Amino acid sequence: MKIVIIGASGTVGRAVTEELSRRHEVIRVGRTQGDYQVDITSQASVQALFEKIGHVDAIVSASGGLYFGPLATMKDSDFNQGLQDKLLGQVRLALTGQHYLNEGGSITLISGIVAHEPIAQGVNATTVNAALEGFVRAAACELPRGIRINLISPTVLTESAEAYDGFFPGFESVPAATVAQAYRRSVEGVQSGRVYKVGY
């Protein structure tokens with residue numbers, strides 16, 4: 001299977017790359033690193049990426065930036081960061097990438113626990129992650145040629161818990177390697193329109 005992983009150099013992306021490359025041909029893509037580079041906030045950049053890579057069997061995303069900050073001082077430009085990056089960026093990968101998937105291929109996107117468990121200063125993150133779940137459920141109903149789409153929704157990563165200290169009080173963390181197993185389930189399995197919760 002030929003798989004393109006966007007966000008391959010991040011914490012989740014590295015674990016997913018390690019897991020899937022044991023059995024498949026993996027193409028690593030990042031904003032500044034990897035076999036290819038892409039800016040998921042740019043349609044032209046995403047289109048150019050798929051034109052260079054050509055047809056693949058699976059598109060995997062482990063990328064997307066969000067805005068964290070108090071609602072009281074948040075501006076629409078702050079909120080727009082998460083909309084343009086993690087939300088529309090991943091939607092853009094799916095909308096464009098579907099045309100470069102082989103029959104029976106799959107798309108796997110990422111959200112997070114805050115879609116269901118809001119945290120302080122996380123209004124943008126909750127909104128974006130919840131919207132991604134809605135997109136995946138609806139897109140699964142319309143994708144042609146046996147193409148599947150799923151979403152991975154992990155709790156806070158063990159590897160990142162210290163960096164987010166204070167944002168997730170009382171949350172149990174999960175190792176990135178465990179999250180990678182959910183990606184394997186999405187890529188190698190048969191289900192579509194599913195939200196795979198990891199660690200909660």
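Residues numbered from 1 in each chain as written. Predicted model: local features only at pLDDT ≥ 70, side-chain atom pairs only at ≥ 80, totals over all residues. Heavy atoms only, no water.

A. Up close: the pattern of salt bridges. Enumeration over the complete set of coordinates arrives at eight salt bridges. E19 is paired through a salt bridge with R23; the nearest N and O atoms lie 2.7 Å apart. Overall, E19 belongs to the buried group, its relative accessible area being 6%. R23 sits in the partly exposed class, given a relative accessible area of 35%. The partner of R31 in a salt bridge is D39, with the nearest N and O atoms 3.3 Å apart. By relative accessible area, D39 is classed as partly exposed at 26%. (Salt bridge = Lys/Arg side-chain N within 4 Å of Asp/Glu carboxyl O. Buried < 20%, exposed > 50% of the residue type's maximum accessible area, 1.4 Å probe, protein only.)

B. Fine view of the side chain of T96. The topology assignment puts T96 in helix α3 (residues 76-97). On the basis of relative accessible area, T96 is assigned to the buried category, the value being 6%. (Helix = DSSP H or I, 4+ residues; strand = E, 2+ residues; numbered from the N terminus.)

C. Quick peek at the layout of surface pockets. Roughly 810 Å³ of internal volume is contained in the largest pocket. In this structure, the largest pocket is lined by 36 residues; those nearest its centre are A62, S63, G64, K86 and Y164. Here the element with the most residues in the lining of the largest pocket is helix α1 (residues 11-20); it accounts for three residues. Here the lining of the largest pocket is composed, by residue class, of 19 nonpolar, 14 polar and three charged. (1 Å grid on protein atoms, 1.4 Å probe; cavity = no way out; pocket = protein on both sides within 12 Å on 5 of 7 lines; lining within 4 Å. Points joined across faces, edges and corners; volume = space filled by probe spheres on them. Nonpolar A, V, L, I, M, F, W, Y, C, P; charged D, E, K, R; others polar.)

D. Molecular detail of the packing of aromatic side chains. Summed over the entire model, instances satisfying the criterion amount to six aromatic pairs. Note on F168 and F171: the rings are 5.2 Å apart at their centroids and 80 degrees apart in plane angle, and the pair reads as edge-to-face. Take F171: its relative accessible area is 25%, and that puts it in the partly exposed class. (Phe/Tyr/Trp six-rings, centres within 6.5 Å; stacked < 30°, edge-to-face > 60°.)

E. Focus on the packing of helix α2 (residues 43-53) against α3. At a minimum axis separation of 10 Å, α2 and α3 run at an interaxial angle of 45 degrees. Considering the angle they form, α2 stands oblique to α3. Read as a crossing pair, α2 and α3 show a hand that is right-handed. Together, Q43, V46, Q47 and F50 of α2 and R92, L93, T96 and G97 of α3 make up the contact between the two elements. (Axes fitted to C-alpha atoms, helices over the stretch in contact; angles between N-to-C directions. Parallel < 35°, antiparallel > 145°, perpendicular 65-115°, else oblique. Left-handed = near helix turned anticlockwise from the far one by under 90°. Contact = heavy atoms within 4.5 Å.)

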